[in-house]
Amino acid sequence: MPATLLQTIQSCSPERCGRCVLLACAGLLLLSTAGCVKSGANAGVWEGEEAVDWLGAAVAEQEAHLARITSLSFTVTERGMRREGRRVHERKMDHKEFEKGAWIRIERSGTIPENLGRGRRRSVFRTESLVLNDRYLAQAHPPSTVAYLREHSSIDAMPQQSRDALHAFDAQGPRRHGFGNGHDSLVQIHRTAQTQKYFELRVERVPGPERLFSLKCSHRKSPMFEMTLDGDRGYLVLETSHYGPGGFLSEKIAVTPGEIAPGLWFPREWTRTTYDPIESKPGVSYPVQTTFNDITSIEINPELDDALFTWQTMPLGPAVEISRYDAAGEFQTFDIVHGELVPQRTEETPRTAETADAQPRRPPRHEAPHPPFRLGTPDSEEEVLSEMPVFP
């Protein structure tokens, strides 16, 4: 203790002495904390390796909750509005999904606007389905007569086209992780943060009585996304903001949670807003598309047959041909004959006694067909499928 301060204490009265001691202690405390950096659990801020460790602990707790879900089925109603100048185009889709472990089956149907060019549009009815299992991802969109089957050695080693299909169906990663994550679940974010050098995380406790946390991610100092996690609801993502190049807001997702089982939380409804990447700039965002999603039914751990997650149970008519890509990326076209895939006969493929009656004679095909449309993404509404029926 400084000599002048000690001398003052020795010369003062007992009452003043007590006050002087308290003031001295407070002064020393301020001096000792003046050079401290606000970080770590006590300050409510985690950065760098601390943030990665914090997220790892949150993922472990979240996975402990989600381990109670071994299978899942639910239906969702989606209403969307897309703005083009003064015009507003609406769509409505019904979404049915089944999950069993990492296997996924999705069935979608509804009406969306279709661009006919020169400012003309009409409403069309579309259906599509997707199946993902350990061996392949299959995708079909009747009444089109082309379906797709892309094989893989494992779900973790899927080709990029399969990942694009999952993104188009808004099904990247098991849905048990929640709908507010956008492109990645917390597990995927944690895995990336452990392996990518320039992937930077920052976690901050949100002021207030609830255990809310802000998770921010940047790459080479450029912001990528920000999430709000609810620590009292299994670290469910309540809100997500994605940022494009230059830091403009490209997408925002807001979730309303619901308790589907004691201590198990899941989104009950959520809103996704997409912003114009050309007109938007940091601090100024122009919304171009908004979707409103409501879960109309949900069932935890139902009995689901493995056969549900195969291409044979998809809505495929007898005229459908399947474009198959094996795990090496080699392409071949097949017909469906009695529930089996039979290679199409071309001029280079002679007929056999077993396939002569089953296989029609087709011209040789040297190029793979175009990829399927991507329903659920902003650019998908610009594509035209002439085979789709038009309903008044």
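Source: prediction; values computed, not measured.

## Things to note about the pairing of strand β11 (residues 236-243)
Across the eight residues that make up β11, a large majority, six, are buried. Pairing between strand β10 (residues 222-230) and β11: six bridges, direction antiparallel. Residue pairing in the sheet places Glu226 in a bridge with Ser241 of β11. Taken together, β10 and the strand that follows it, β11, pair antiparallel across an intervening segment of five residues, in which Gly234 is found at a positive phi of about 65°. The sheet contact formed by β11 and strand β12 (residues 249-261) spans five bridges and is antiparallel. In the strand pairing of β12, His242 is matched with Glu251. As consecutive antiparallel partners, β11 and β12 are separated by five residues, and within that stretch Gly246 has a phi angle of approximately 90°, a positive value.

## Observations regarding helix α5 (residues 186-195)
It helps to recall that an α-helix has 3.6 residues per turn; residues three or four apart then point in one direction. Within the span of α5, buried status applies to Leu186, Ile189, His190 and Ala193. The buried residues of α5 occupy one face: seen down the axis, they fall within an arc of 100°. For α5, the elements touching its buried residues are α3 (49-66), β8 (199-205), β9 (212-219), β10 and β11.

Calculation criteria
- Residues numbered from 1 in each chain as written.
- Predicted model: local features only at pLDDT ≥ 70, side-chain atom pairs only at ≥ 80, totals over all residues.
- Heavy atoms only, no water.
- Buried < 20%, exposed > 50% of the residue type's maximum accessible area, 1.4 Å probe, protein only.
- Helix = DSSP H or I, 4+ residues; strand = E, 2+ residues; numbered from the N terminus.
- Pairing = 2+ DSSP bridges.
- Arc of directions from axis to C-beta.
- Contact = heavy atoms within 4.5 Å.

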